[in-house]
Amino acid sequence: MGPPGSGKGTVAEDMRKAMSLHHASTGDMLRQAIAEGHSFSNEVRVYMERGELVPDRLILKLIQDMVDNAAEGSRYLFDGFPRTMVQATAFDQLLAARGSKVDKVFLLDLDRAVLSRRICGRRICRSCGAVYNIHSKKPKTDGVCDVCGGRDLYQRVDDNEDTLNNRLDVYEKQTAELIDFYEKKGVLVRVDAEDRQATREAILKHFQS
Ligand code: AMP
């Protein structure tokens, strides 16, 4: 868990590689469903562009399908899920039915001003998905992807100041309860997300313990 721009996706990818986990990002799943023209893509797009949460029933359908298809004994790292109490409690039931549970919840903590620079400066290569930042991680040649040479570095439609403020308000309102829920279960781990390397190391240490 963590606000938009806290580095959930990057950290989750690192953990996937280091710990042989599956990385399940509901944001990526939704963007993919839109790109593929899934039957619910029009409905989903409206929520995402406004920075609002997509209805629980749609998210839970995606998660249910994923859990149903998960191989026995596989381990998943969820990124951006659950985001509401309805999702968290339904997820617990779904996992319990498979004799499984949430082992740990990492909460990435970060200041709002830092988040704004990260999010509004983010640019993504349309060809290969490499991520840049106009403040802190520019490509070597302006507008050209270092990885694949692609010339279309775009800004996600929801990565602007207005949508970000809305996403942060939504995040703070919705997750307060979730933080409490996982804290009471004794599985919540707070991690300072200012420095990405330190964040990765802190999380890795918890996994290894
Ligand atoms: P993310 O890539 O995690 O920042 O998610 C981008 C957008 O996808 C969010 O602002 C929501 O509109 C939607 N979204 C992703 N995950 C969820 C979720 N678990 N519940 C509801 N909406 C979600």
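Residues numbered from 1 in each chain as written. Predicted model: local features only at pLDDT ≥ 70, side-chain atom pairs only at ≥ 80, totals over all residues. Heavy atoms only, no water.

Visitor: Would you take a moment to explain the environment of phenylalanine 81 for this structure?
Guide: You can see phenylalanine 81 is positioned in the loop between β2 (76–79) and α5 (85–96). Phenylalanine 81 sits 74 residues away from glycine 7 along the chain, and the two C-alpha atoms are 14 Å apart. Discounting chain neighbours no more than four positions away, the residues touching phenylalanine 81 are Thr26, Ile59, Leu60, Ile63, Gln87 and Phe91. (Helix = DSSP H or I, 4+ residues; strand = E, 2+ residues; numbered from the N terminus. Contact = heavy atoms within 4.5 Å.)

Visitor: Sorry, what's going on with the site of the ligand here?
Guide: Around the ligand sit 15 residues in total, of which Thr26, Arg31, Glu52, Arg83 and Gln87 are the nearest. Note that a nitrogen atom of the ligand is positioned 3.0 Å from one of the backbone N or O atoms of glycine 80. Between the ligand and arginine 167 there is a distance of 3.5 Å, counted from an oxygen atom to a side-chain nitrogen or oxygen. Here the ligand, which alone exposes 490 Å², has 96% of that area covered by the protein. Looking at the shell around the ligand element by element, the count peaks at four residues for helix α2 (residues 26–35). For the shell around the ligand, the class distribution of residues is six nonpolar, four polar and five charged. (Near = heavy atom within 4 Å. Polar contact = N/O pair within 3.5 Å; in protein donor to acceptor, adjacent residues only side chain to side chain. Areas by Shrake-Rupley, 256 points an atom, 1.4 Å probe, with all protein chains shown as cover. Nonpolar A, V, L, I, M, F, W, Y, C, P; charged D, E, K, R; others polar.)

Visitor: Would you take a moment to explain a negative patch on the surface for this structure?
Guide: The grouping of Asp109, Asp111, Asp192, Glu194, Asp195 and Glu201 at the surface amounts to a negative patch. Inspection of the secondary structure assignment puts glutamate 194 in the loop between β7 (188–192) and α8 (196–208). (Patch = residues over 30% accessible without salt bridge, like charges linked within 9 Å, V, L, I, M, F, W, Y side chains within 5 Å. Salt bridge = Lys/Arg side-chain N within 4 Å of Asp/Glu carboxyl O. Lys, Arg positive; Asp, Glu negative; His and termini not counted. Charge placed at Lys NZ, Arg CZ, Asp CG, Glu CD.)

Visitor: Hey, could you run me through α8 in this one?
Guide: Helical geometry note: an α-helix holds 3.6 residues per turn, so side chains three or four residues apart project in the same direction. Between the first and last C-alpha of α8 there are 18 Å, a value that for 13 residues agrees with the 18 Å anticipated at 1.5 Å per step. Between the side-chain oxygen of the N-cap and the backbone nitrogen of glutamine 197 there are 3.3 Å, and the N-cap of α8 in question is aspartate 195. (Expected span 1.5 Å × (residues − 1).)

Visitor: Would you mind showing me how to read the pattern of salt bridges here?
Guide: Where charged atoms of side chains with opposite charge meet at close range, the side chains can pair. Applying the stated criterion across every chain, the model contains 18 salt bridges. Among the ionic pairs, aspartate 158 bridges to arginine 167, the shortest N-O distance being 3.9 Å. In terms of burial, aspartate 158 and arginine 167 fall into one category: buried. Here the salt bridges share partners, and the residues they tie into one network are Arg122, Arg156, Asp158, Asp159 and Arg167. (Buried < 20%, exposed > 50% of the residue type's maximum accessible area, 1.4 Å probe, protein only.)

Taken by themselves, the reported measurements are silent on function.
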